[in-house]
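# Fold and geometry: a report
What follows is each chain in one-letter form.
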Amino acid sequence: MQTRKERYAKYREEIAHTPDELFPDSPRKIDRLSPEDEELLRQADSAGSSIGYGEIIAQAKKRNAGDNSLTPYERYLKRRRTVFLIKLIAFFLTVVALILLYTLWVR
């Protein structure tokens, strides 16, 4: 099995053999922010402009009051647990059926 180092060795060799004049001379250009963007960033720094996750979860529970106040992730976990139990029961029933079939077939 190839390691990552071996897999990308050809690219490192290609970069090492590339002439220096093909690489850009100047460092990356950093664009200045517009005054509107700077003001927006200054407003975003304040703690009052942030949203707490507790508020979002409380609002979601109020909206989903008919769904037993479960969040979407809790509903997903419940559905996943239910599917797992159905598969587990089907597996055990299949094993029991195969054991019974084997014992009846041999006798």
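Residues numbered from 1 in each chain as written. Predicted model: local features only at pLDDT ≥ 70, side-chain atom pairs only at ≥ 80, totals over all residues. Heavy atoms only, no water.

Quick look at the overall build of the protein now. In terms of regular secondary structure, the protein is built from five helices and zero strands. Starting at the N terminus and ending at the C terminus, the protein contains elements arranged as α-α-α-α-α. Within the span of the protein, comprising 107 residues, buried residues form 4% of the whole. Carbon and sulfur atoms provide 62% of the accessible area of the protein, an area that totals close to 10900 Å². (Helix = DSSP H or I, 4+ residues; strand = E, 2+ residues; numbered from the N terminus. Buried < 20%, exposed > 50% of the residue type's maximum accessible area, 1.4 Å probe, protein only. Areas by Shrake-Rupley, 256 points an atom, 1.4 Å probe, with all protein chains shown as cover.)

It is worth spelling out the packing of aromatic side chains at this point. The final tally for this structure, using the stated rule, is three aromatic pairs. Seen from their ring centres, Tyr8 and Tyr11 are 6.0 Å apart, and the 35° between their planes marks the pair as tilted. For Tyr8, a relative accessible area of 37% corresponds to the partly exposed category. (Phe/Tyr/Trp six-rings, centres within 6.5 Å; stacked < 30°, edge-to-face > 60°.)

On to a nonpolar patch on the surface, then. There is a patch of nonpolar side chains on the surface, built from Phe84, Leu85, Leu88, Phe91, Phe92, Val95 and Ile99 and spanning about 660 Å² of accessible area. Within the fold, Phe84 resides in helix H5 (residues 72-106). Assessed through its relative accessible area of 52%, Phe84 is described here as exposed. (Patch = residues over 30% accessible without salt bridge, like charges linked within 9 Å, V, L, I, M, F, W, Y side chains within 5 Å. Salt bridge = Lys/Arg side-chain N within 4 Å of Asp/Glu carboxyl O.)

On to the confidence of the model for the protein. Of the residues in the protein, 65% reach a pLDDT of 70 or more, and the chain-wide mean stands at 78. The spread of mean pLDDT over the elements of the protein runs between helix H4 (residues 53-63), the lowest at 65, and H5, the highest at 94. (pLDDT = per-residue confidence, 0-100.)

Once that is clear, we can look at the environment of Thr18. Structurally, Thr18 is set in the loop between helix H2 (9-16) and helix H3 (35-45). Within the local environment of Thr18, its side chain forms a polar contact with the backbone oxygen of Glu14, the two atoms lying 2.7 Å apart. (Polar contact = N/O pair within 3.5 Å; in protein donor to acceptor, adjacent residues only side chain to side chain.)

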